Amino acid sequence: MTLEYLIPSLHRSLRSHLEPGIWPAGTELGPDNDLVVGGVSLRRVAADFGTPSYVLDEAQVRQRCRDYRAALPDMEIAYASKALLTKAVARWVREEGLSLDVCSAGELAVARAVDFPAERIILHGNAKTPEDLKAAVGYGVGRVVLDSFDEIEQLGALARYPQQVLVRVTPGVDGHTHKAIATGVEDQKFGFSLASGAAAEAVRRVLGQPNLHLAGLHCHIGSQIGRVAGFELAARRMVGLLAAIRDEHGIVLPQLNIGGGHAVAYLPGEEEFDLQGFAARIRCAVNYECSARALPVPRLVVEPGRSLVARAGVTLYRVVVVKDVPGVRTFVAVDGGMSDNLRPSLYGSRYAVRMFGRPSLAAPRTVTVVGRHCEAGDIIAKDVQLPGDIHSGDLLAVPCSGAYHHSLASNYNLVGRPPVIAVADGRYRPVIRRETDEDVLARDLG
Ligand SMILES: Cc1ncc(COP(=O)(O)O)c(C=O)c1O
Ligand SMILES: N[C@@H](CCCC[NH3+])C(=O)O
C-alpha cells in the first residue's frame, strides 16, 4: 500500500498539479478534477460535443506565433500547415503576420477561403499534381518549392508570368530523429541531392526556364529534431551552394529557407527546443559562411509546423472498457484511437494521459490506453499511470495533440473523424464538425 493511498490528501495534492510544458499555457484544474483550457471546462466540451474531440487553444497558437516572431524578428516565419489546417487556424496565422506553407490544392483551398495573402504562401510537395500546380499558379502563390526535374518542366510550361521558385536541396544532414521523418539524408524522395550535383543541375535547368524566377534555395532536414547542430550544418552547406551558384551563374539568390522540424515536449520532463539558441547559432553560422565567401547574407525563412500547434491541442476520450489480462496488463480502451492519433502506430510515439471530470482518491496504477480499432497496435499510451478506480464512462485527456493528429486522422472502421473545438477567453465553438454516418454514406455511391 502506497503512502499516497494512506494519506488521501497527500495523494490529492500530488495529483492536483499539471505537468509543466505539455498542456496549453494557462490550463487549470477546475472543480471535481475538471480541466480548464482557455477558460473553458473540458467536461463541458465533452458533454456538448461528445468524444473523441480535439480541443484547440487559440491563445496558445497565437502565443507560439508571437514567440517565433520575437525570437526571429529578422526571419520570415512560414507556418507548415500540414501539422494542422482549418480555416480558423489559417486566419489566426494570417492575423499574426506569418506566411503559410501548403502542400496540395486542398491545403491551398483552405488558405484561399480565408483570403490568405498569395504572396505569403509557399507551395511544397515531392509530387505536386497538375491540379496542385494549376491551383498555385491560378492563385498566384508567392513561391513554389521545386522538388524534381519533371516538376521544373511542368511548372515552366504552366506558369504565365515568371513564377518565383526555390529549389529544394537535400543537404546530406542527419537530424537524429525517427527514420520515417528524417528528410535531410541522401536516401530520400524529397529534394535534389547536394552531394551528387543534382541540386546544381536543378538550378541550371530552372535558370533555363523563362517563366521561372529563381528566388532562392530550400532545405528541410526532418521533423521533431531537438538539436540545433543539424540545422546549423545544413545552413552552412546551403550557403556553400549559394556561393557556388554565384560563381557559376553570376547571380546572388536572395532567400534561404531552412525548413522546420523544431521538436516539442510530448512527455513531462522532455526538453523544450531552444528557439533562442537556434536563432543565435543559425544567424552566426550563416553570417560567418557568407562573409567567408564575400556573399551578401540571404533573407532566412523558417517553416515550423508542430512547434506552433502541438501544445495547443488536447484530445478528449471516454473510457469504454477496462480489461484486466491477469499477469499481463490492464487495457483501458477508449472511444477513439489510431483514427484520431496515428503517431504511436507510425513512430512509436509516447503520450501522457490524464483522467479528468471526476475526483478520485484511488492510488494510481499502470495501464495501457488503447483505441477501439481492429488492430492490436492501436495504442494511445503504453504503461501510463491512471487512478486505480478508472472505469467505463470516465473521461481522459491527452495533451500535446495539436500537431499531426487531426491532419493525419482517418475514418478507419468508419468511426467518423472527431470535431475540433476551439477555445478562447472562456468561449468555445466547433471549427471542424464531427464526421457523421451521413457524411460516410453521402460519399458512398452504392
Ligand atoms: C518542407 C517542410 N517544411 C516544414 C515542415 C514542418 O515540420 P515540423 O512540423 O516538424 O516543424 C515539414 C514537415 O516535416 C516539411 O516537410
Ligand atoms: N507526421 C509526422 C511529421 C511529418 C512531418 C511532415 N513532413 C509526425 O507526426 O511527427
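Residues numbered from 1 in each chain as written. Chains lettered and ligands numbered in written order. Predicted model: local features only at pLDDT ≥ 70, side-chain atom pairs only at ≥ 80, totals over all residues. Heavy atoms only, no water.

Hey, could you run me through the pairing of strand β4 (residues 53-57) in this one?
A regular strand places its side chains so that they alternate between the two faces of the sheet. The buried count for β4 comes to five of five residues, which makes it a mostly enclosed element. The alternating pattern of β4 places S53, V55 and D57 on one face and Y54 and L56 on the opposite face, and all of these are buried. Inspection of the sheet shows β4 paired to strand β14 (residues 313-325) by four bridges, in the antiparallel sense. Its bridge partner lying in β14, S53 is registered against L316. Pairing between β4 and strand β20 (residues 420-424): four bridges, direction parallel. Note that in β20 the partner of D57 across the bridge is V423. (Buried < 20%, exposed > 50% of the residue type's maximum accessible area, 1.4 Å probe, protein only. Helix = DSSP H or I, 4+ residues; strand = E, 2+ residues; numbered from the N terminus. Pairing = 2+ DSSP bridges.)

Please explain the UniProt feature "active site" (unreviewed entry) in the chain as it appears in this structure.
As annotated in UniProt, the feature "active site" (unreviewed entry) corresponds to C374 in the numbering used here. Counting through the fold element by element, C374 comes out in the loop between β17 (364-370) and β18 (379-387). The class of C374 is exposed, set by a relative accessible area of 61%. (UniProt positions renumbered as here; feature names shortened; annotations may be inferred.)

What should I look at first to understand the sheet that holds strand β2 (residues 34-37) in this one?
Pairing within the open sheet is antiparallel, and its three strands lie in the order β1-β2-β3. At either end of the open sheet lies a strand with only one pairing partner, and these are β1 (28-30) and β3 (40-41). Across two bridges, the pairing between β2 and β3 is antiparallel. Bridge assignment links V37 to a residue of β3, and that residue is V40.

Quick question: what am I supposed to make of the layout of surface pockets here?
To find the voids left in a structure, one rolls a probe of water-molecule size over its atoms. In this structure, the largest pocket occupies an estimated 830 Å³ of space. In this structure, the largest pocket is lined by 32 residues; those nearest its centre are K82, I181, T183, F190 and Y404. Residue classes in the lining of the largest pocket are distributed as ten nonpolar, 13 polar and nine charged. Taken as a whole, the second largest pocket encloses approximately 370 Å³ of empty space. Along the walls of the second largest pocket sit 21 residues, with Q224, A263, V264, Y266 and E270 positioned nearest its centre. Here the residues of the lining of the second largest pocket sort into nine nonpolar, five polar and seven charged. (1 Å grid on protein atoms, 1.4 Å probe; cavity = no way out; pocket = protein on both sides within 12 Å on 5 of 7 lines; lining within 4 Å. Points joined across faces, edges and corners; volume = space filled by probe spheres on them. Nonpolar A, V, L, I, M, F, W, Y, C, P; charged D, E, K, R; others polar.)

So what exactly am I meant to see when it comes to the pattern of salt bridges here?
All chains considered together, the criterion is met by 26 salt bridges. Of the charged contacts in the structure, one is a salt bridge between R143 and E76, with a shortest N-O distance of 2.8 Å. Linking R143 in strand β8 (residues 143-146) with E76 in strand β5 (residues 76-80), this pair joins segments that are 67 residues apart in sequence. There is no split in this pair, since R143 and E76 are both buried. Residue R358 pairs with D389 through a salt bridge whose shortest N-O separation is 3.2 Å. Of this pair, R358 sits in the loop between β16 (354-356) and β17 while D389 sits in the loop between β18 and β19 (395-399); the two residues are 31 residues apart in sequence, bridging distant segments of the chain. Given the relative accessible area of 17%, R358 is considered buried. Assessed through its relative accessible area of 30%, D389 is described here as partly exposed. Through salt bridges with shared partners, a single ionic network connects E58, R62, R66, R94, E95 and E96. (Salt bridge = Lys/Arg side-chain N within 4 Å of Asp/Glu carboxyl O.)

I would appreciate a short explanation of the site of ligand 2 in the present structure.
Contacts to ligand 2 come from K82, I181, S223, R306, R343, Y347, Y404 and L408. In this structure, an oxygen atom belonging to ligand 2 sits 2.5 Å away from a side-chain N or O atom of R343. Take Y347: an N or O atom from its side chain is 2.8 Å from a nitrogen atom of ligand 2. Protein contacts shield 83% of the accessible area of ligand 2, which totals 310 Å² for the unbound molecule. When atoms are counted within 2 Å of each cavity's grid points, the one that captures over half of ligand 2 is the largest pocket. (Near = heavy atom within 4 Å. Polar contact = N/O pair within 3.5 Å; in protein donor to acceptor, adjacent residues only side chain to side chain. Areas by Shrake-Rupley, 256 points an atom, 1.4 Å probe, with all protein chains shown as cover. Sits in = over half its atoms within 2 Å of the grid points.)

Teacher, can you tell me more about the environment of A105 here?
Following the sequence through the fold, A105 ends up in helix α6 (residues 105-113). By relative accessible area, which is 25% here, A105 ends up partly exposed. Among residues more than four places away in sequence, those in contact with A105 are E131, D132 and A135. (Contact = heavy atoms within 4.5 Å.)

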